[in-house]
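# Survey of secondary and tertiary structure
Spelled out, the chains give:
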Amino acid sequence: MNVRQGVTAARGAGVDTGAVSADLESIIDAAVSEIGSILLGKEPQIRLALCCLFARGHLLIEDLPGMGKTTLSHALGAVFGLDWKRVQFTSDLMPADILGVSVYDARDASFNFHPGPVFTQLLLADEINRATPRTQSALLEAMAEGQVTVEGATRALPQPFFVIATQNPVHQSGTYPLPESQLDRFLMRLELGYPHPKAEREMYLRRHSAAQEITTPRRCIDDSQLEAIRAAVSAVHASDTLLDYLQRLVAYTRQSPEFEVGLSPRGALALLDCAKTWAVMQNRGHVVPEDVQMVLPSVASHRLVPSGDYAGDGDALVDLLLRSVDVVAP
Amino acid sequence: MSSLVEQVPRNALVWIIASMFALLAPHALRIPVWVLLVYIVAVVWRIQVHRGRWSFPGRVVKVVLTLSGFFGVMASYGSVIGLEPTVALLLIAFALKLVELVKRKDAYVLLFLGYFVCITEFLFSQDLLVTLYSIFTVVLVTTALVALHQPGQQRFSGSSLRLAGVMLLQALPLMIVIFFLFPRFGPLWTVPIKSHTAKTGMSDFMKPGDVASLSQSDEVAFRVKFAGEIPPASELYWRGLVFSRLRQGVWSSLGYYEVPAGEMRPREVATNGEGVGYSVIMEPTQQNWLYSLQYAVSGTAGVMHTPDYRLYSPGPIESEYMYRARSWPRSVVEPELSEWRRKTELKLPPLGNDGARSLAQRIRADVDSQQAFVDAVLSYFSNEPFHYTLKPGRLTSSDQIDEFLFDSRRGFCEHYASAFVFMSRSVGIPARVVAGYQGGEINPVNKTVIVHQFDAHAWAEVWLEGRGWVRVDPTSAVAPSRIEWGLEEALASEGTFLADAPLSPLRYRKLPLLNQLRLRYDALTYQWQSWVVGFNREAQFELLHELFGEISARVFITLFIGSWVLVLTPVAISLLRRKSTREINPLDKHYLLFCERMSEIGLARETGETPDQYYARVREEVPEKAEQVERITGLYNELAYAGPGRAERSLAEFISAVSSFKPDRRRF
């Protein structure tokens with residue numbers, strides 16, 4: 001409901017264009033090209049990752065080892081110029097290793113809290129599914145509420161706070177699959193996939209050349225610009241027709257027998273947020289069905305589980321969803 | 001690309017397996033034991049597949065399984081032709097289909113096959129219980145079908161069963177209409193049905209011990225309903241076979257072609273009065289002869305009359321068969337005997353049984369008429385220490401009649417009938433053995449006479465000058481209670497009645513409750529047979545004729561279609577009423593109208609395709625329409641997604657753009 005109320009401020013008289021300033025568009029393009037210079041041929045994924053962060057969501061990148069997960073996450077952190085820390089998750093990692101621990105200080109005769117790596121703006125959680133569920137859960141509160149509670153004291157995290165986690169495919173050995181509750185806290189899950197042959201060739205050519213030296217992209221988006229983008233997102237208009245479509249999609253996941261569980265309201269809101277952000281990134285003041293369809297696989301595939309009568313995965317379910325729900329009310 | 005593979009729902013699988021075993025159960029005693037094993041293996045296999053432990057069989061395994069099933073049937077039955085082997089093959093195929101049940105489509109095939117398997121049970125029996133059981137299996141199979149459409153239920157539930165029950169109840173009116181009105185065609189082709197089942201009841205030859213062994217069975221031979229009073233038990237001689245020829249100790253009936261052409265038709269018999277009308281429902285015998293009282297005429301189509309005054313069916317009785325007959329017990333049958341007939345009914349083997357011959361000569365010499373001879377022989381049987389028994393012992397000599405008359409003196413009805421006819425023939429009196437049933441149990445519930453196999457009997461007929469064929473029952477001279485009270489009374493002292501069937505309900509006739517239940521069920525069976533099983537083409541025609549007068553093809557078709565309309569109209573009405581009348585906004589309505597027009601030229605918008613994607617596709621396919629379509633799409637996008645603005649004007653513009661849009665049909 002607040003969606004429609006928020007429209008007026010930024011949109012003004014123009015309907016089609018002009019909702020987002022040309023500045024923001026060039027900023028976003030700059031960020032994309034900056035990351036794209038390191039991670040070659042992955043522009044759609046880069047845009048989706050940016051979309052996720054613009055929508056204040058946490059990002060999960062899943063793929064085989066060596067596909068550029070960590071590269072992407074580092075580049076994202078650099079582009080936003082955020083204070084970032086990296087934690088390599090292993091099976092013996094303890095919650096205290098992330099959250100921090102109180103250490104007895106003999107001089108003060110008191111316990112002093114030593115904050116863990118979670119106290120940062122951008123936490124890169126590498127190979128998150130190699131840690132035990134207990135450690136994975138330590139991130140729950142941080143991700144959902146932007147605070148952590150250690151030894152009874154609740155401490156706020158710096159703002160903005162993002163988690164970019166990478167994980168290996170679940171079926172690889174030595175992994176603890178993330179529980180649904182944890183997955184649901186990631187706004188998007190991205191798969192990178194093998195690079196396009198052309199991009200890969202480019203990669204080979206750059207090896208041992210001068211260009212290789214540029215490993216860290218420069219900062220493109222400062223805090224005020226990030227705020228401006230977020231303001232633009234909240235100003236984006238989602239029409240009744242579009243919300244109908246979105247609701248039909250969500251309803252289908254809840255009613256159709258192929259789905260074990262449907263999209264939660266949090267999942268539905270995530271879909272709307274991402275679609276709006278995507279609209280902003282397309283320099284549009286309103287959401288069109290293409291926006292929803294574009295972000296749907298990343299937003300929904302990790303939240304959907306096929307029911308026991310079907311074999312398949314979340315991606316297959318998203319495929320089915322897109323094929324089965326009509327854009328125009330039937 | 002990952003894809004979604006549909007499995008057969010767990011719930012449905014449970015119902016499918018349950019219905020498979022339910023379908024197998026009635027066949028279980030007929031089929032080889034290894035078929036049961038096939039079922040168990042198939043079910044275990046499929047369950048393991050469902051649990052993800054095993055995998056579906058490969059092509060080679062499937063071929064091997066199919067071939068071994070085929071050759072297994074071949075080995076067990078010696079052939080794959082005939083009813084039993086065919087049904088066994090079907091049952092094996094049914095089981096093997098389970099292990100290649102991958103998708104919902106496969107489950108459909110399996111379940112529709114299940115309905116067919118259910119029908120095959122009726123080829124063996126059309127009993128009331130079998131029918132009730134089949135209803136049960138149909139409910140199970142239908143439940144499995146319903147469960148296929150209710151996926152996603154993690155727990156096993158009865159909701160499918162409820163829905164299936166409701167659906168079958170809804171189908172009931174249609175079933176009744178079809179039962180009464182569906183044209184009953186004759187068989188379109190014939191298969192050697194039941195080549196492996198034994199023929200039951202009397203056979204067309206008789207040697208000592210045959211009737212006695214038949215008397216061990218408590219199965220029902222036929223049921224009779226009289227139009228009027230039931231005649232006394234001593235009058236109920238159900239003639240089935242006439243044995244005119246004695247050869248090597250075996251009595252047999254004359255074959256059809258052994259009767260000269262002039263003797264093929266029975267002679268006219270003068271009848272007076274109404275006679276006794278009755279209808280008979282026979283259990284299947286796989287034989288041709290029908291049972292009737294002397295002298296009987298049947299009006300039922302297809303029943304033939306033989307020259308020895310019996311009723312005969314040209315085809316063997318393979319299922320319950322109903323016929324009507326009318327008898328005149330007091331009439332004089334065949335007062336004039338033809339030369340051929342006299343010779344036939346006097347013929348004896350030239351040699352053997354000299355004792356019997358000389359005994360007959362002695363008795364004949366003492367009396368002065370043929371009638372007196374008959375009486376004297378009967379009193380010989382009753383005065384001498386002859387014994388009526390189910391266990392007469394084996395007659396071992398070649399002169400069996402002599403051995404019986406002078407040595408053992410223990411016999412069942414066929415011994416007495418055979419000896420009597422032999423003696424009569426040896427003194428020149430035409431005589432023959434008649435086999436059939438005698439008496440029957442009167443069911444007080446519905447006033448039918450139930451004739452069991454143990455009522456099987458053999459007696460004699462002698463031809464006397466002026467009186468025609470006269471029935472003589474030598475057994476009545478030895479054991480009068482057999483005729484008056486039935487076999488059980490006659491054997492009371494011996495205790496051999498149904499000695500081999502300790503569980504037969506007939507042995508417990510003394511227990512009133514059990515007996516009452518048995519008789520009530522028998523009455524129900526009679527109703528079932530006469531109304532449902534016996535509702536054949538003639539009965540159908542009769543009924544329709546009674547209700548609607550002259551039945552022509554046109555009337556029949558009108559009735560048939562009319563009744564369907566009558567039954568299906570309420571269904572149609574309720575379906576139409578259920579259709580939602582949701583209002584659709586004018587914007588979407590007109591856009592959909594536009595899509596519809598596009599689909600007329602073969603460019604339908606796909607489900608999930610956005611207007612812009614659609615436009616892009618149309619632009620590729622029909623470039624000359626691109627401008628119009630672009631305008632419509634642009635207007636729709638603006639109105640649908642861009643929010644409030646100049647909406648009113650644009651909507652009118654959009655509607656007129658859609659209205660004026662006409663795809664060029666000629667192009668396709």
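Residues numbered from 1 in each chain as written. Chains lettered and ligands numbered in written order. Predicted model: local features only at pLDDT ≥ 70, side-chain atom pairs only at ≥ 80, totals over all residues. Heavy atoms only, no water.

It is worth spelling out the overall build of chain A at this point. When helices and strands are tallied, chain A shows 14 helices and 12 strands. The burial tally for chain A puts 54% of its 330 residues in the buried class. By sequence separation, contacts in chain A at least 24 residues apart represent 77% of the contacts at least 6 residues apart. As displayed, chain A offers around 14300 Å² of accessible surface, 53% of which is attributable to carbon and sulfur atoms. (Helix = DSSP H or I, 4+ residues; strand = E, 2+ residues; numbered from the N terminus. Buried < 20%, exposed > 50% of the residue type's maximum accessible area, 1.4 Å probe, protein only. Contact = heavy atoms within 4.5 Å. Areas by Shrake-Rupley, 256 points an atom, 1.4 Å probe, with all protein chains shown as cover.)

What follows concerns the overall build of chain B. Across its full length, chain B carries 23 helices and 19 strands. Looking at chain B as a whole, 46% of its 668 residues are labelled buried. A fraction of 71% describes how many contacts in chain B between residues 6 or more apart in sequence connect residues 24 or more apart. Accessible surface, chain B as shown: approximately 34200 Å² in total, 61% of it carbon and sulfur.

Residue and element names in this part refer to chain B. Taken in spatial order, the four strands make up an open sheet running β4-β15-β18-β19, and their pairing is antiparallel. Only two strands of the sheet have a single neighbouring strand rather than two, namely β4 (237–243) and β19 (468–472). Each strand of the sheet is rotated relative to its neighbour by a mean of 40°, with strand direction disregarded. Bridge analysis of strand β15 (residues 431–438) against strand β18 (residues 456–464) gives seven bridges, and the strand direction is antiparallel. (Pairing = 2+ DSSP bridges. Axes fitted to C-alpha atoms, helices over the stretch in contact; angles between N-to-C directions.)

Here we take up helix α7 (residues 159–181) of chain B. All names here are of chain B. Taking 1.5 Å of rise per residue, 23 residues should cover 33 Å, and α7 covers 34 Å from first to last C-alpha, within 8% of that figure. At Leu 172, α7 shows its maximal bend, which comes to roughly 35°, and the proline Pro 173 appears one to four places after that position. Among all positions of α7, only Ser 159, Ser 160, Ala 164, Leu 174, Val 177 and Leu 181 are buried. Elements in contact with the buried residues of α7: α1 (10–24), α6 (128–148), α18 (537–548) and α19 (553–578). (Expected span 1.5 Å × (residues − 1). Bend = angle between axes of the 7 residues up to and from the residue.)

What follows deals with the environment of A:Phe113. Along the polypeptide, A:Phe113 turns up in strand β4 (residues 110–115). Through-space distance from the C-alpha of A:Phe113 to that of A:Val103 is 6.3 Å; in sequence the pair is 10 residues apart.

Here the focus is the packing of α7(B) against α19(B). All names here are of chain B. One way to put it is that α7 packs onto α19 with a least axis distance of 10 Å and a crossing angle of 175°. In terms of orientation, α7 and α19 fall into the roughly antiparallel class. Touching Pro 173, Leu 174, Val 177, Ile 178 and Leu 181 of α7 are Phe 556, Leu 559, Phe 560, Ser 563, Trp 564, Val 567 and Leu 568, all from α19. By residue class, the composition of the contact of α7 with α19 is 11 nonpolar, one polar and no charged. (Parallel < 35°, antiparallel > 145°, perpendicular 65-115°, else oblique. Nonpolar A, V, L, I, M, F, W, Y, C, P; charged D, E, K, R; others polar.)

The biggest cluster of nonpolar side chains holds 96 residues, and the ones touching the most others in it are A:Leu50, A:Val295 and B:Phe594. For this core, the element with the most residues is helix α12 (residues 265–281) of chain A, which contributes 10 residues. Beyond its immediate chain neighbours, meaning those up to four positions away, A:Leu50 contacts A:Ala31, A:Val32, A:Ile35, A:Leu76, A:Phe80 and A:Met281. (Core = buried A, V, L, I, M, F, W, Y, C linked by side-chain atoms within 4.5 Å.)

Right, let's get into the packing of aromatic side chains. Each pair of aromatic rings is reported with the distance of its centres and the angle of its planes. All chains considered together, the criterion is met by 38 aromatic pairs over all chains. With a centroid separation of 6.1 Å and an interplanar angle of 85°, the aromatic rings of A:Tyr252 and A:Phe259 are classed as edge-to-face. Note on A:Tyr252: relative accessible area 22%, which makes it partly exposed. Seen from their ring centres, B:Phe560 and B:Trp564 are 6.1 Å apart, and the 55° between their planes marks the pair as tilted. (Phe/Tyr/Trp six-rings, centres within 6.5 Å; stacked < 30°, edge-to-face > 60°.)

On to the packing of helix α10 (residues 354–366) of chain B against helix α11 (residues 370–383) of chain B. Residue and element names in this part refer to chain B. Running from N to C, α10 and α11 cross one another at 125°; their axes reach a closest spacing of 9 Å. In terms of their interaxial angle, α10 and α11 are classed as oblique. Considering the relative orientation of α10 and α11, their crossing is right-handed. Judged by residue contacts, Leu 359, Ala 360, Ile 363 and Arg 364 of α10 engage Gln 370, Phe 373, Ala 376, Val 377 and Tyr 380 from α11. Classifying every residue of the contact of α10 with α11 by side-chain character gives seven nonpolar, one polar and one charged. (Left-handed = near helix turned anticlockwise from the far one by under 90°.)

This part takes up the environment of B:Ile429. Relative to the elements of secondary structure, B:Ile429 occurs in the loop between α13 (413–426) and β15. Apart from residues no more than four positions distant in its own chain, B:Ile429 is found in contact with B:Glu345, B:Leu346, B:Gln370, B:Phe373, B:Ser424, B:Val462, B:Trp463 and B:Leu464.

Residues and elements named next belong to chain A. The side-chain alternation of strand β6 (residues 147–150) yields one buried face, formed by Val 148 and Val 150, and one unburied face, formed by Gln 147 and Thr 149. In this sheet, strand β7 (residues 153–156) lies alongside β6 in antiparallel orientation, the contact comprising four bridges. Within the sheet, the bridge partner assigned to Val 150 lies in β7 and is Ala 153. Where β6 folds back onto β7 in an antiparallel hairpin, the turn is made up of two residues, including Glu 151, whose phi is positive at roughly 50°.

A few words on the pattern of salt bridges. Scanning the model with the defined rule gives 31 salt bridges over all chains in all. A salt bridge links A:Arg189 to A:Glu62, with the nearest nitrogen and oxygen atoms 3.6 Å apart. Of this pair, A:Arg189 sits in strand β9 (residues 186–191) while A:Glu62 sits in strand β1 (residues 58–62), placing them 127 residues apart in sequence. For the salt bridge of B:Glu100 with B:Lys62, the shortest nitrogen-to-oxygen distance reads 2.8 Å. Of this pair, B:Glu100 sits in the loop between α4 (83–99) and α5 (104–120) while B:Lys62 sits in helix α3 (residues 59–77), and the two are 38 residues apart along the sequence. Among the residues examined, B:Glu100 registers a relative accessible area of 25% and is labelled partly exposed. (Salt bridge = Lys/Arg side-chain N within 4 Å of Asp/Glu carboxyl O.)

This brings us to helix α21 (residues 611–621) of chain B. Residue and element names in this part refer to chain B. Listing the buried residues of α21 in full gives Pro 611, Tyr 614, Tyr 615 and Val 618. When α21 is viewed along its axis, its buried side chains cluster within an angular range of 100° and face the same direction. For α21, the secondary structure elements touched by its buried residues are α20 (586–600) and α22 (626–641). (Arc of directions from axis to C-beta.)

What follows covers the side chain of B:Gln438. Residue and element names in this part refer to chain B. You can see Gln 438 is positioned in strand β15. Reaching out from Gln 438, the side chain makes a polar contact with the backbone oxygen of Ala 233 at a distance of 2.9 Å. For Gln 438, the contacting residues outside a window of four places in its chain are Ala 233, Ser 234, Leu 236, Tyr 237, Trp 238, Asp 455, His 457, Arg 482 and Ile 483. (Polar contact = N/O pair within 3.5 Å; in protein donor to acceptor, adjacent residues only side chain to side chain.)

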